[in-house]
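Chain residues, written in single-letter form:
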Amino acid sequence: RRVLELAAGQLRQQRPRYTGDEAAALAGELGDASLVPLLRPLLADPTSRCRVPAARAIWRLTGDADGLLRPLLKEVTPRPPGYRWRAAFDLLAEMGAAAADALPELRAVAEHPWCPFVDAFDSRTRRGLGHRDDAFRAAARSTVELISRG
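Here the structure is a predicted model, which means the values were calculated and not measured. Numbering of residues begins from 1 in every chain and follows the order in which that chain's sequence is written. Note on the predicted model: pLDDT of at least 70 is required for a residue's local features to be given, and 80 or more for side-chain atom pairs to be given and counted; whole-chain, interface and lining totals, by contrast, use all residues. Note that the side-chain values use all heavy atoms of the structure and ignore hydrogens as well as water.

Looking now at the packing of aromatic side chains. Two rings from Phe, Tyr or Trp (for Trp, the six-membered ring) form a pair when their centres sit within 6.5 Å of each other. Planes less than 30 degrees apart are called stacked, planes more than 60 degrees apart edge-to-face, and all others tilted. Summed over all chains, the structure comprises three aromatic pairs. Taken together, Trp85, Phe89 and Phe136 form an aromatic cluster joined through their ring pairs.

In this section: the pattern of salt bridges. Put simply, a salt bridge is a Lys or Arg side-chain nitrogen that is within 4 Å of an Asp or Glu carboxyl oxygen. Evaluated as defined, the whole model comprises six salt bridges. The closest approach of N and O atoms between arginine 84 and aspartate 21, which form a salt bridge, is 3.0 Å. Of the two residues, arginine 84 is situated in the loop between α5 (69–76) and α6 (85–95) and aspartate 21 in helix α2 (residues 21–30); the sequence distance between them amounts to 63 residues. For the salt bridge of arginine 149 with glutamate 145, the shortest nitrogen-to-oxygen distance reads 2.7 Å. You can see arginine 149 and its partner glutamate 145 sitting in helix α8 (residues 131–149), four residues apart, about one turn around the helix. Burial here depends on accessible area, computed with a 1.4 Å probe over protein chains only, as a share of the maximum for the residue type. Under 20% is buried, over 50% is exposed, and the range in between is partly exposed. For arginine 149, a relative accessible area of 59% gives the class exposed. By relative accessible area, which is 46% here, glutamate 145 ends up partly exposed. Here a strand is any run of E in DSSP of at least two residues, a helix any run of H or I of at least four, and the numbering for each starts at the N terminus.

Next up on the list: the nonpolar core. Buried Ala, Val, Leu, Ile, Met, Phe, Trp, Tyr and Cys residues form a nonpolar core when they are joined through side-chain atoms within 4.5 Å. Ranked by internal contacts, the top residues of the largest apolar core, which has 40 residues, are Leu39, Leu72, Phe89, Met95 and Leu106. The element that contributes the greatest number of residues to this core is helix α4 (residues 48–62), accounting for eight residues.

All right, on to the side chain of threonine 143 then. With respect to the helices and strands, the residue threonine 143 is situated in helix α8. Only heavy atoms matter for contacts: two residues are in contact if any of them lie within 4.5 Å across the pair. Other than its neighbours up to four places away in sequence, threonine 143 contacts Phe89, Leu92, Ala93 and Leu106.

Encoded structure:
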């Protein structure tokens, strides 16, 4: 409990000393749903460090998607996507039908013709260069398929 309180408080500072990602992962492993109120502030992390681990812990502790879709979409919809895009896609797929409200944005990501990784983009062909682009697109399509199946 104390570790999560410290991590949440650090997010309000410009240069946090403690990260909440490991604390969130631990909270999910502990299986104590009373920790959820301490995890929710981590969803607002301006970086991608805490958002996905906090969402994963909350989902596994409650099975409730309320408030989780926006932080997860924030990880996969920008160009370039967030650092934890793979974990965000995995969690959205795990959530299944509970993530159905995210489908329009996920479909747009999966069907987008341009590479999401700006640093690996060939402007002449408007295609991605390399495996990372292919892996991202495959993960997006797979997530859409799994959520659609419910």
